[in-house]
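# Architecture and fold: a report
Next come the chains, spelled out residue by residue.
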Amino acid sequence: MPLFLRPAREDDSVQIGWIGLKAFRDDVSRSAFPPHLHHKSKSGDPALDEVRWRAARNRKRMREGMPTYVVVDMPESEDGNGQVVGFIQWELPSQTRPPSAHVNGGDEEDLSPPSLDQEQLREISKLIHDMTTSALGADGYSNMWYLSSIAVDPSQHRRGIGRMLVQHGLDQAAKAGKDAFLIATEEGRGLYSVLGFHNVGEPVARGHSVYNPMLWRVPSINPT
Ligand SMILES: CC(C)(COP(=O)(O)OP(=O)(O)OC[C@H]1O[C@@H](n2cnc3c(N)ncnc32)[C@H](O)[C@@H]1OP(=O)(O)O)[C@@H](O)C(=O)NCCC(=O)NCCS
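Attention in this report is confined to the structure presented alongside it. These numbers come from a predicted model, not from an experiment.

### Re the overall build of the protein chain
A count of helical and extended segments in the protein chain gives six helices and eight strands. Of the contacts made within the protein chain by residues no fewer than 6 positions apart, 74% connect residues no fewer than 24 positions apart. On the protein chain, roughly 11,000 Å² of surface is accessible, and the fraction owed to carbon and sulfur atoms is 50%.

This is the structure we're talking about:
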């Protein structure tokens, strides 16, 4: 079935939330929604809390103007909606700020479910911020396209969806003459390496994850 990349809409957020849940189940999710807080779930299902949290956070970021794209798998028979199989969210240089600034409780109930370990989340955000400033310096941080989040439905891995999503962003960054930066999970590293990212600092192990700072340099234009 054909794959299409398009800008995300707010009504994609729940599908994006489910993909995030499935894709990060083994690392980030285990730290942010730990078993010892499961009994606090108001919905009675911590997985549902996490999907709602991911969806609400995604909507909030889209409203803040962060470029967000999805890949949809489109059966020939469908009317143009298709199923979302992957998403990516970027921060533009003008939007980039310490990650801790936008991962907070917020006003909406879905953004701070009791089953979410806020302290753990703040720690991850701080780690990412510290790794970013240590790799790029305080100013460099605000000069790049920053890949904030990407995930592909695990049942759809290795179909080229991650590549489509990242390459599309890199093409935009190149047009704007900007470099790109991200903190990679171990699982993401292979994809970023084949697309031209390289490590710019030591990996850091924390909780269930290992984080790798990676930089992509915009290709220089040959004057001849
Ligand atoms: C990382 C992720 C987005 C990759 O998505 P994907 O659609 O499976 O990737 P693609 O099919 O486009 O892969 C393109 C190439 O990247 C490399 N690659 C992708 N996944 C890889 C992996 N797990 N290990 C090593 N290389 C990998 C391969 O070279 C691959 O080409 P190939 O399939 O011809 O060998 C996906 O595994 C995912 O969602 N993981 C969980 C969430 C996550 O870790 N996100 C990254 C946060 S930084």
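There is more to say, and it comes next.
### Observations concerning the pattern of salt bridges
Counted according to the given criterion, the structure contains 12 salt bridges. Where Asp73 meets Arg159, a salt bridge forms, and the shortest distance between an N and an O atom there is 2.8 Å. Taken together, the residues Asp73 in strand S2 (residues 68–73) and Arg159 in the loop between strand S4 (145–152) and helix H5 (161–175) connect sequence positions 86 residues apart. One network of salt bridges, in which partners are shared, links Arg6, Arg9, Asp11 and Asp12.

### Here's the deal with the site of the ligand
The full set close to the ligand counts 21 residues, and Val152, Gly160, Gly162, Arg163 and Thr185 are the nearest of them. Arg158 places a polar main-chain atom, nitrogen or oxygen, 2.8 Å from an oxygen atom of the ligand. Between an oxygen atom of the ligand and a main-chain N or O atom of Arg163, the distance comes to 2.8 Å. Out of a free accessible area of 910 Å², the ligand has 78% covered by protein chains. Placement of the ligand is best described as lying within the largest pocket. Per-element tally for the shell around the ligand: the top contributor is helix H6 (residues 186–194), with six residues. Taken together, the residues of the shell around the ligand break down into 11 nonpolar, six polar and four charged.

### Re empty space enclosed by the protein
Think of a ball as big as a water molecule: rolled over the atoms, this probe shows where empty space is left. A full pass over the atoms with the stated rule returns two cavities of 30 Å³ or more. Lining the largest cavity are Ile16, Gly17, Gly20, Arg54, Arg57, Asn58, Arg61, Phe87, Gln89 and Ser149. Among the elements of the structure, helix H1 (13–23), helix H3 (46–63) and strand S3 (83–91) are those that each provide at least two residues to the lining of the largest cavity. Here the element with the most residues in the lining of the largest cavity is H3; it accounts for four residues. The class makeup of the residues in the lining of the largest cavity is two nonpolar, five polar and three charged.

### Topic: the nonpolar core
With 22 residues, the main nonpolar core has Ile88, Leu147, Leu165, Val166, Leu170, Tyr192 and Phe197 as its most contacted residues. Elements that contribute at least two residues to this core include exactly S2, S3, S4, H5, strand S5 (180–184) and strand S8 (209–216). The leading source of residues in this core is H5, at five residues. Dropping the residues within four chain positions of it, Val166 is found in contact with Ile88, Trp90, Leu147, Ile150, Leu191, Tyr192, Leu195 and Phe197.

### Topic: the layout of surface pockets
By volume, the largest pocket amounts to about 1,100 Å³. Looking at the largest pocket, it is lined by 41 residues, and the ones nearest its centre are Phe24, Ile150, Thr185, Gly188 and Tyr192. A per-class count over the lining of the largest pocket returns 22 nonpolar, 10 polar and nine charged. Taken as a whole, the second largest pocket spans an internal volume of roughly 160 Å³. Looking at the second largest pocket, the residues that line it are Leu21, Arg25, Ser29, Arg30, Phe33, Pro35, His38, Pro46, Ala47 and Glu50. Secondary structure elements with two or more residues in the lining of the second largest pocket: helix H2 (28–32) and H3.

### So, the packing of aromatic side chains
Throughout the structure, instances matching the rule amount to four aromatic pairs. Each ring, one from Trp90 and one from Trp145, has its centre 5.6 Å from the other, and the planes form 65 degrees; the classification is edge-to-face. Highlighted residues: Trp90 in strand S3 and Trp145 in strand S4, separated in sequence by 55 residues. Like Trp145, Trp90 is buried.

How each quantity is defined
- Throughout, a residue's number is its position along its own chain's written sequence, starting from 1.
- Where local features are concerned, this predicted model is filtered to residues with pLDDT of at least 70; where side-chain atom pairs are given and counted, the filter is 80 or more; whole-chain, interface and lining totals use all residues.
- Hydrogens are left out, water is left out, and the side-chain values use all remaining heavy atoms of the structure.
- The helix and strand labels rest on DSSP assignments: H or I over at least four residues marks a helix, E over at least two residues marks a strand, and numbering proceeds from the N terminus.
- By the convention used here, residues are in contact when the closest approach between their heavy atoms is within 4.5 Å.
- All accessible-area figures derive from a Shrake-Rupley calculation using a 1.4 Å probe, and residue coverage is judged against the displayed protein chains alone.
- The working definition used for a salt bridge is a side-chain nitrogen of Lys or Arg within 4 Å of a carboxyl oxygen of Asp or Glu.
- We call a residue near a molecule or strand as soon as one heavy atom of that residue lies within 4 Å of the molecule or strand.
- Definition of a polar contact: a pair of N or O atoms within 3.5 Å, with one able to donate and the other able to accept a hydrogen when the atoms are protein atoms, and with sequence-neighbouring residues admitted only if both atoms are side-chain atoms.
- Think of a 1 Å grid over just the protein atoms. A cavity is a set of points where a 1.4 Å probe fits yet cannot get out, a pocket is an open set with protein on both sides within 12 Å along at least five of seven lines, and lining residues have an atom within 4 Å of a point.
- Each molecule is assigned to a cavity or pocket provided more than half of its atoms lie within 2 Å of the corresponding grid points.
- We call Asp, Glu, Lys and Arg charged. Ala, Val, Leu, Ile, Met, Phe, Trp, Tyr, Cys and Pro are nonpolar, and the rest, Gly among them, are polar.
- Grid points are joined across faces, edges and corners, and a volume is the space filled by probe spheres set on the points.
- Each nonpolar core is a collection of buried residues, namely Ala, Val, Leu, Ile, Met, Phe, Trp, Tyr and Cys, held together in the definition by side-chain atoms within 4.5 Å.
- When a residue's accessible area, from a 1.4 Å probe over protein chains only, is under 20% of the maximum for its type it is buried; when over 50% it is exposed; and in between it is partly exposed.
- Any two of the Phe, Tyr and Trp rings considered here, Trp counted by its six-membered ring, make a pair once their centres fall within 6.5 Å; the pair's planes then place it as stacked at under 30 degrees, edge-to-face at over 60, or tilted in between.

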